[in-house]
Amino acid sequence: MDLLRWGRSPWGEWVLTHVSWNLFWASLFAGVLFFVAHASYMLFSAHRKRSSAETDALEAANRNLPPKIERHGLAARLFHWVMAAAMFTLLFTAFLPVAGIKFPWVQWHWMAGLVLTASILFHIVHATVFLDFWSIWVGPSDIPELKAELLRELGRDVPGPKPGKYPLGNRLYHLAIVVTGLAVAGTGVFMLKRIRTPFLVRNPYIFSDTTWGITYVLHGLAGVGLVGLVIAHVYFAVRPEKWWITKAMILGWITRRQYLEHHEPTRWRIGRTGSSPKPAGQA
Ligand code: HEM
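It should be emphasised that the depicted structure is a prediction, and the values quoted were computed from it without experimental measurement. (Residues numbered from 1 in each chain as written. Predicted model: local features only at pLDDT ≥ 70, side-chain atom pairs only at ≥ 80, totals over all residues. Heavy atoms only, no water.)

### A look at a nonpolar patch on the surface
So, step 1. Taken together, the side chains of Phe88, Phe92, Val234, Val238 and Trp243 make up a nonpolar region of the molecular surface, amounting to roughly 490 Å² of accessible area.
So, step 2. Listing elements by their share of the nonpolar patch, those giving two or more residues are helix H3 (74-95) and helix H7 (209-238).
So, step 3. For phenylalanine 92, the position within the fold is in helix H3. (Patch = residues over 30% accessible without salt bridge, like charges linked within 9 Å, V, L, I, M, F, W, Y side chains within 5 Å. Areas by Shrake-Rupley, 256 points an atom, 1.4 Å probe, with all protein chains shown as cover. Salt bridge = Lys/Arg side-chain N within 4 Å of Asp/Glu carboxyl O. Helix = DSSP H or I, 4+ residues; strand = E, 2+ residues; numbered from the N terminus.)

### Section: the side chain of histidine 80
So, step 1. Tracing the backbone through its elements, the reader meets histidine 80 in helix H3.
So, step 2. The exposure class assigned to histidine 80 is buried, which follows from its relative accessible area of 15%.
So, step 3. Leave out the neighbours within four places in its chain, and histidine 80 touches His233 and Met249. (Buried < 20%, exposed > 50% of the residue type's maximum accessible area, 1.4 Å probe, protein only. Contact = heavy atoms within 4.5 Å.)

### Thoughts on the packing of helix H6 (residues 168-191) against H7
So, step 1. Two numbers describe how H6 lies on H7: the axes approach to 8 Å, and their chain directions differ by 145 degrees. For the pair H6 and H7, the sense of crossing is left-handed. Contact residues: H6 offers Tyr173, Ala176, Ile177, Thr180, Ala183, Val184, Thr187, Gly188, Phe190 and Met191, while H7 offers Trp212, Thr215, Tyr216, Leu218, His219, Ala222, Gly223, Leu226, Leu229, Val230 and His233. (Axes fitted to C-alpha atoms, helices over the stretch in contact; angles between N-to-C directions. Left-handed = near helix turned anticlockwise from the far one by under 90°.)

### Things to note about the coordination of the iron atom of the ligand
So, step 1. The iron atom of the ligand binds to the protein through His109 (NE2) and His219 (NE2), with metal-donor distances spanning 2.0 Å.
So, step 2. Of note is the iron atom of the ligand, whose six donor atoms meet at the metal with angles of 85 to 179 degrees in an arrangement that counts as octahedral. Of the two residues, histidine 109 is situated in helix H4 (residues 105-129) and histidine 219 in helix H7; the sequence distance between them amounts to 110 residues.
So, step 3. Under the relative-accessibility criterion, histidine 219 is labelled buried at 17%. (Donors = N, O, S within 2.8 Å, 3.2 Å for Na, K, Ca; no water. Tetrahedral: all angles 85-135°; square planar, octahedral: opposite > 155°, others 65-115°.)

### Digging into the environment of leucine 78
So, step 1. In this fold, leucine 78 is placed in helix H3.
So, step 2. Among the residues examined, leucine 78 registers a relative accessible area of 52% and is labelled exposed.
So, step 3. Residues leucine 78 and arginine 5, spaced 73 residues apart in sequence, show a C-alpha to C-alpha distance of 38 Å.

### A look at the pattern of salt bridges
So, step 1. Per the counting criterion, the structure on display carries 11 salt bridges.
So, step 2. In this structure, arginine 256 and glutamate 59 form a salt bridge, with 3.6 Å as the shortest nitrogen-oxygen distance. With arginine 256 in helix H9 (residues 256-262) and glutamate 59 in helix H2 (residues 52-61), this residue pair connects regions lying 197 residues apart in the sequence.
So, step 3. Between arginine 239 and glutamate 241 there is a salt bridge, with its nearest N and O atoms 2.7 Å apart.
So, step 4. Of the residues examined, arginine 239 reaches a relative accessible area of 15% and is grouped as buried.
So, step 5. Several salt bridges share partner residues, and in doing so they unite Asp56, Glu59, Arg256, Arg257 and Glu261 into one network.

### Concerning the packing of aromatic side chains
So, step 1. Following the criterion strictly, the structure yields 15 aromatic pairs and no others.
So, step 2. Residues phenylalanine 24 and phenylalanine 95 carry aromatic rings whose centres are separated by 4.5 Å and whose planes lie at 10 degrees to one another, so their mutual orientation is stacked. Here phenylalanine 24, found in helix H1 (residues 22-44), pairs with phenylalanine 95, found in helix H3; they are 71 residues apart in sequence, far enough to count as distant.
So, step 3. Here phenylalanine 24 falls in the buried class, since its relative accessible area comes to 6%.
So, step 4. Where tryptophan 212 meets tyrosine 216, the ring centres are 6.2 Å apart and the plane angle is 70 degrees; that geometry is what we call edge-to-face. You can see tryptophan 212 and its partner tyrosine 216 sitting in helix H7, four residues apart, about one turn around the helix. The pair tryptophan 212 / tyrosine 216 is uniform in exposure class, with both members buried.
So, step 5. In textbook terms, an aromatic cluster arises when at least three aromatic residues are bridged by ring pairs, as seen for Trp21, Phe24, Trp25 and Phe95.
So, step 6. In this arrangement the basic side chain of lysine 68 is found over the ring face of tryptophan 253, its NZ or CZ atom lying 4.4 Å from the centre. (Phe/Tyr/Trp six-rings, centres within 6.5 Å; stacked < 30°, edge-to-face > 60°. Lys NZ or Arg CZ within 6 Å of the ring centre and 35° of its normal.)

### A look at the site of the ligand
So, step 1. With respect to spatial proximity, 24 residues lie near the ligand, and among them His18, Met87, His109, Tyr216 and His219 are the closest.
So, step 2. Within the side chain of histidine 18, one N or O atom sits 2.4 Å away from an oxygen atom of the ligand.
So, step 3. Here histidine 109 contributes a side-chain N or O atom positioned 2.7 Å from a nitrogen atom of the ligand.
So, step 4. Among the elements of the structure, H3, H4, H6 and H7 are those that each provide at least two residues to the shell around the ligand.
So, step 5. Counting residues per element, the shell around the ligand draws most heavily on H4, at six residues.
So, step 6. Taken together, the residues of the shell around the ligand sort by class into 17 nonpolar, seven polar and no charged. (Near = heavy atom within 4 Å. Polar contact = N/O pair within 3.5 Å; in protein donor to acceptor, adjacent residues only side chain to side chain. Nonpolar A, V, L, I, M, F, W, Y, C, P; charged D, E, K, R; others polar.)

Put into structure tokens, the structure is as follows:
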């Protein structure tokens, strides 16, 4: 199976031009395979939230917590849905033509691309300045949680820590989206110079053929990667046991009980108002 496409430069050299669209079908297939495999596995998997008795005890010990806990503020929710709309527009405009549905896609694609890029820039500033920046990253301190989760998966009732604000799987997913999202947006911004837009003078000669080839291949690789990643994300959002998380991305809050069932209060601290106080040392 060909993974890359090559062409001849005006000087007769072979240069990379694009990724092969076989990779799009491979990523689509991987996304669908993942959800079938995970859904089958979940039929047999042990339940991973705290037992009722344990949650009752925690509720009794945390009576000062308000009934609603803020999970995502308005700005974070708006970012999420603007980014999702841009992402779907980008995926459909890029890959419907590959699937045989032809239309003038480039104009819609670059416009959605600018919305995605702007929303990513907003998110970087917002998360760095206003949110608990480190709550979404993975590091060695997560090893006890990983061990506990793996043992629970194997059916063992182990005490180990519950997640902080974001479970390990969500944080690994975020890392994959950061890499693919920055790659697709970073390359896409340069590719604007290759097409006609109202605000840039077209100049395909700013890069050599080889550099353009690498840029298009990176854009294509990140783009096809996003097909599988987005399928996995939507699949988790619609699974009934995850609706409480999806609802929080719409309404902004979860209940006190959901907070105590699924999280470790010492790893995701909540103030009296129901929102997370700013961690010490962060601006
Ligand atoms: C989900 C995100 C995205 C996906 C899946 C995606 C996918 C693609 C694909 C598959 C192509 C065709 C590449 C080729 O022919 O080798 C393409 C082209 C292009 N994309 Fe994206 N892209 C995304 C985001 C962006 C962003 C953020 C921008 C701009 C900021 C952008 C701007 C462009 C431009 C200008 C082209 C070139 C069109 C041409 O040369 O005819 N894309 N994109």
